[in-house]
Amino acid sequence: MWGGRFAAGPSAIMREINASIPFDKALWRQDIAASKAHVAMLGAQAIVTAEDAATISAGLDRVAAEYEANGVPVNWDLEDIHMTTESRLAELIGPVAGRLHTARSRNDQVATDFRLWVRDAMDEALAGINALQRALVMRAGEHADSIMPGFTHLQTAQPVTLGHHLMAYYEMAARDASRFADARQRANQCPLGAAALAGTGFAIDRHATAAALGFDGPTANSLDSVSDRDFALDYLMAAAQVSLHLSRLAEEFIIWASQPFGFVTLPDELSTGSSIMPQKKNPDAAELVRGHSGRIIGCLTSLMITMKGLPLAYSKDMQDDKPPVFEAASLLTLSLAAMTGMVEGATFRTERMRGAAELGYATATDLADWLVRQANIPFREAHHITGSAVKLAESKGVALDALTLAELQAIDPRIDERVFAALSVEASVASRNSHGGTAPAEVRKRVTDARRALGLE
């Protein structure tokens, strides 16, 4: 390929460090598509004859059929997917194959192929996020009235509904989807035709190749076109954020499935057992999703460090851009599928959740609020009175609403029998009816909004 400049071939070490075919063979579909768009443009512009363009295009179809049937052969001497394809094309159609590379470089070729691959990966991520959102909305609708403890510092704070809790993850997923949508829009510019770094003197039509490949238009600067990997970093940053949210959801399922909590029974299909302890049902899928988050963040860090010190335009370091993106995409797809299946298949033990909300003095804030509203007591004083009531209930091993009126009035005589209407967990969640609150009526509104946004209504 480039031997005319050199008296001797590469050493075995150079051959091995230089070759990218073991991983960039994953780009073969994108490489064929971009090459077909390029040669069609060359023919339309009379840069190559119509006959040669047709012969090359038909030959590329034959190469694609071989790859589809048998996979991409790995020949390290051919370095990458681009030369592998061009070499096989030459074997099939002869010297005319050499005209394909007119007015392009491997620099703009790989930038185009990789953008096409990342664009597809973004679409796959958006589909996976959408499936998770649908599962969350479905289960949230089922549990708009199911009461559970809400936590801060993993300590019981206030009662909430399970539907409200699940819809919090819907909101996270909605932001994740918006990040991928924004990243896809930025990525949808075509580098093909930028050539090595300076453009080309051939009368090419970059708008035609961009349109043929589904891009919004060609990139505006040839130097930036071949050296930019922002689209890959955008993908990884969005993927890392999704993985953080998935890891948080996985962690909650892990905690909830543990015997001290017992809030959920995970589906058998996403759990494993123990080789020695027959009673075990381990949340391994959730734990692996939690672990995958670290690997995805590592992929982002890897590419950021690779790119941070590169001068314009292309440097060989950029060959290492693809493995972290490929790895992250595979892990993200699997993690989204696992957590979607977990949300869909989990059995929520709502009575146990409700009991935990009662035992944790989660309605203490409601008592303080009642004292402010009904007894006209300043909040700081109400907070102190409520703390005394919690201490008494804790010493007796009962819930707040199990204290007698006499016991409450011994703490503060301004408390009357109306307080008991505010101390049940049902009353507590029903009262949180501000926009975005946990009241069942509010949860149902948010579920309806989400179903409409997802096209389910």
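On a predicted model such as this, the values are computed, not experimentally measured, just so you know. (Residues numbered from 1 in each chain as written. Predicted model: local features only at pLDDT ≥ 70, side-chain atom pairs only at ≥ 80, totals over all residues. Heavy atoms only, no water.)

This brings us to the packing of aromatic side chains. By the definition in use, this model includes 10 aromatic pairs. Between Trp117 and Phe326, the ring centres sit 4.6 Å apart and the planes meet at 55 degrees, which makes this aromatic pair tilted. Of this pair, Trp117 sits in helix α6 (residues 106–142) while Phe326 sits in helix α12 (residues 322–345), placing them 209 residues apart in sequence. For Trp117, a relative accessible area of 16% puts it in the buried group. Judged by its relative accessible area of 14%, Phe326 falls in the buried class. Ring centres of Phe261 and Phe263 lie 5.3 Å apart, and the angle between their planes is 80 degrees; on these two criteria the pair is classed as edge-to-face. A network of ring pairs unites the aromatic residues Phe151, Phe253, Trp256, Phe261, Phe263 and Phe348 as a single cluster. Positioned over the ring face of Phe215 is Arg119, at 4.8 Å from the centre of the ring. The ring centre of Phe114 lies 5.3 Å from the NZ or CZ of Lys322, which sits over that ring. (Phe/Tyr/Trp six-rings, centres within 6.5 Å; stacked < 30°, edge-to-face > 60°. Helix = DSSP H or I, 4+ residues; strand = E, 2+ residues; numbered from the N terminus. Buried < 20%, exposed > 50% of the residue type's maximum accessible area, 1.4 Å probe, protein only. Lys NZ or Arg CZ within 6 Å of the ring centre and 35° of its normal.)

A few words on the packing of helix α14 (residues 364–375) against helix α15 (residues 379–396). At a minimum axis distance of 8 Å, the contact between α14 and α15 shows a crossing angle of 135 degrees. Put simply, α14 runs oblique to α15. Seen from above, α14 lies across α15 with right-handed handedness. Here Ala364, Leu367, Ala368, Asp369, Leu371 and Val372 of α14 lie close against α15, whose contacting residues are Phe379, Ala382, Ile385, Thr386, Ala389 and Val390. Counted by class, the contact of α14 with α15 contains 10 nonpolar, one polar and one charged residues. (Axes fitted to C-alpha atoms, helices over the stretch in contact; angles between N-to-C directions. Parallel < 35°, antiparallel > 145°, perpendicular 65-115°, else oblique. Left-handed = near helix turned anticlockwise from the far one by under 90°. Contact = heavy atoms within 4.5 Å. Nonpolar A, V, L, I, M, F, W, Y, C, P; charged D, E, K, R; others polar.)

The topology assignment puts Ser293 in helix α11 (residues 284–307). Contacts of Ser293, omitting those with residues within four sequence positions, involve Ser243, Leu244 and Ser247.

Next up on the list: the side chain of Arg115. Note on placement: Arg115 falls in helix α6. The class for Arg115 is buried, based on a relative accessible area of 4%. Look past the residues within four positions of Arg115 in its chain and what remains in contact with it is Arg186, Ala187, Gln189, Pro191, Phe215, Thr219, Asp228 and Phe231.

So, about the environment of Gln259. Position of Gln259 relative to the elements: it lies in the loop between α10 (230–257) and β5 (264–265). Separated by 181 residues in sequence, Gln259 and Pro440 have C-alpha atoms that sit 28 Å apart.

A few words on α6. Here α6 contains 37 residues, and its C-alpha end-to-end distance of 54 Å stays within 8% of the 54 Å for a straight helix at 1.5 Å per residue. In this structure Ser105 caps α6, since a side-chain oxygen of it lies 2.9 Å from the backbone nitrogen of Asn107. (Expected span 1.5 Å × (residues − 1). Polar contact = N/O pair within 3.5 Å; in protein donor to acceptor, adjacent residues only side chain to side chain.)

Opposite charge on two side chains permits pairing when their charged atoms draw close. The full count for this structure, using the stated rule, is 31 salt bridges. Measuring nitrogen to oxygen at the nearest pair gives 2.8 Å for the salt bridge that ties Arg88 to Glu66. With Arg88 in helix α5 (residues 81–93) and Glu66 in helix α4 (residues 50–70), this pair connects stretches of sequence that are 22 residues apart. By relative accessible area, which is 26% here, Arg88 ends up partly exposed. Taking relative accessible area as the criterion, Glu66 reaches 25% and is therefore assigned partly exposed. As a salt-bridge pair, Arg106 and Asp80 come within 2.6 Å of each other at their nearest N and O atoms. You can see Arg106 sitting in helix α6 and its partner Asp80 sitting in the loop between α4 and α5, a full 26 residues away along the chain. Its relative accessible area of 7% is what places Asp80 among the buried residues. (Salt bridge = Lys/Arg side-chain N within 4 Å of Asp/Glu carboxyl O.)

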